[in-house]
Amino acid sequence: MLALLAPAFSFCATGKLIWSDEFNGPAGSPPNSSKWVFELGHNGWGNAELETYSDSPDNCRLDGAGHLVVEARLTQPATYTSARIKTLSKFTFQYGRVESRIRVASGQGLWSAFWLLGANVAGVGWPASGEIDIMENLGRDPSAVHGTIHGPGYSGGKGIGKPYRLPDKQCFADDFHVYAIDWVANRIAFFVDGNLYHTVAPSSLPKGTKWVFDHPFYLILNLAVGGIWPRNPDATTVFPQQMVIDYVRVYEPATR
């Protein structure tokens, strides 16, 4: 069923804002180092991705107008750079509303993402840590974004997810949209522009698997190039490409 058929939904009451980044600062400066850490390197990231993640301002910088720009670049034939930032060691949280206003990148082989990873991943590994993909957009399917959870027994291609699709072949890369989850004990609800389109709970899981969304998680923003799911860039793909983030905000639940 197309997600555009989902009813409009107002978020349930939430508590106070507990963390945010509005990306204010001089043009060309890096994201706030008290809030974000760069992940660096070229190792495919478990998805056969092609990019090397860097901390260069060519790939990740403030634009001076209240936005963070994450830019994927073609630096030489079939060699790509981009950026991936996270809040691990700076900020983790358990339960609440998380939202970001983002304009995704465009083009075959581009993979824009805003997601959460369990803060215990170093100890238990993935997918036992849990993963909540608040928004993923594949350049080859520009009218859709995906909200998905991954855990032990329901990871990778077996993740429990749904797409949200814009009507009339509109493209997410053409404008900013607000991507959010409402995460409480035993429920995660996914939204685009305030529209509820996907809800998961322990009853959503395959029989015999475990709900692993009852501990702290951290935030990740990244723009990948290529990989098993998005497939690789082709002759139609134009570089550089940008994912532009207006803000990221985390609110505590209204009740604990």
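First, a word on what this report is: a plain description of the structure on this page.

1. Focus: the overall build of the protein chain
Phase 1: Check the secondary structure of the protein chain and you find 1 helix and 17 strands.
Phase 2: Its C-alpha atoms give the protein chain a radius of gyration of 17 Å, within 12% of the compact-globule value 18 Å for 256 residues.
Phase 3: Its C-alpha atoms give the protein chain principal-axis dimensions of roughly 50 × 40 × 35 Å.
Phase 4: Residues classed as buried in the protein chain amount to 52% of the 256 residues present.
Phase 5: Restricting the contact set of the protein chain to residue pairs at least 6 apart, pairs at least 24 apart contribute 72%.

2. Quick notes on the nonpolar core
Phase 1: In this structure, Ile 132, Ile 149, Trp 183, Ile 188, Phe 213, Leu 219 and Leu 221 are the most contacted members of the largest nonpolar core, which totals 54 residues.
Phase 2: The element contributing the most residues to this core is strand E16 (residues 217-225), with 5 residues.
Phase 3: Apart from the residues within four sequence positions on either side, Leu 221 is in contact with Phe 23, Trp 36, Leu 68, Ala 83, Arg 84, Ile 85, Ile 102, Ala 113, Phe 114, Met 243, Ile 245 and Val 248.
Phase 4: In this structure, Trp 115, Val 121, Tyr 218 and Ile 220 belong to the second largest nonpolar core, which totals 6 residues.

3. Quick word on the side chain of Ser 20
Phase 1: Residue placement: Ser 20 occurs in strand E1 (residues 14-21).
Phase 2: With residues up to four places along the chain from it excluded, the contact list for Ser 20 reads Lys 35, Val 248 and Arg 249.

4. Some thoughts on the pairing of strand E11 (residues 144-150)
Phase 1: With respect to burial, E11 is a largely interior element, 7 of its 7 residues being buried.
Phase 2: Side chains Ala 144, His 146, Thr 148 and His 150 of E11 all project onto a buried face; the interleaved residues Val 145, Gly 147 and Ile 149 project onto the opposite face, where all are buried too.
Phase 3: Here strand E10 (residues 131-138) hands over to E11 after 5 residues, the two strands then running antiparallel side by side.
Phase 4: Inspection of the sheet shows E11 paired to strand E12 (residues 160-165) by 6 bridges, in the antiparallel sense. Along E12, the bridge assignment pairs Ile 149 with Ile 160.

5. Regarding unusual backbone geometry
Phase 1: Here the bond from Trp 126 into Pro 127 is cis, since omega is 15°, no more than 30 degrees from zero.
Phase 2: The omega torsion of the bond from Phe 239 to Pro 240 falls at 0°, within 30 degrees of zero and hence cis.
Phase 3: Tracing the backbone shows Pro 240 in the loop between E16 and strand E17 (241-253).
Phase 4: Here Trp 45, not a glycine, exhibits a phi torsion of approximately 55°, which is positive.
Phase 5: As for its position among the elements, Trp 45 is in the loop between strand E2 (37-39) and strand E3 (51-53).
Phase 6: In the Ramachandran plot, Lys 169 falls in the positive-phi region, its phi being about 60° despite a non-glycine side chain.
Phase 7: Structurally, Lys 169 is set in the loop between E12 and strand E13 (177-184).

6. Focus: the packing of aromatic side chains
Phase 1: Scanning the entire structure with this criterion turns up 16 aromatic pairs.
Phase 2: For the pair Tyr 164 and Tyr 197, a centre-to-centre distance of 5.4 Å together with 65° between the ring planes defines the contact as edge-to-face. On the criterion of sequence distance, the pair formed by Tyr 164 in strand E12 and Tyr 197 in strand E15 (residues 195-200) is long-range, its members being 33 residues apart. Both residues of the pair, Tyr 164 and Tyr 197, count as buried.
Phase 3: When the ring of Trp 211 is compared with that of Phe 213, the centres are 4.9 Å apart and the planes differ by 70°; the resulting orientation is edge-to-face.
Phase 4: A relative accessible area of 9% places Trp 211 in the buried class.
Phase 5: Here a set of aromatic residues connected by ring pairs shows up, and it is made of Trp 19, Phe 23, Trp 36, Phe 91, Phe 93, Tyr 95, Trp 183, Trp 211, Phe 213 and Phe 217.

What counts and how
Residues numbered from 1 in each chain as written. Predicted model: local features only at pLDDT ≥ 70, side-chain atom pairs only at ≥ 80, totals over all residues. Heavy atoms only, no water. Helix = DSSP H or I, 4+ residues; strand = E, 2+ residues; numbered from the N terminus. Rg over C-alpha atoms; globule rule 2.2 N^0.38 Å. Buried < 20%, exposed > 50% of the residue type's maximum accessible area, 1.4 Å probe, protein only. Contact = heavy atoms within 4.5 Å. Core = buried A, V, L, I, M, F, W, Y, C linked by side-chain atoms within 4.5 Å. Pairing = 2+ DSSP bridges. Phe/Tyr/Trp six-rings, centres within 6.5 Å; stacked < 30°, edge-to-face > 60°.

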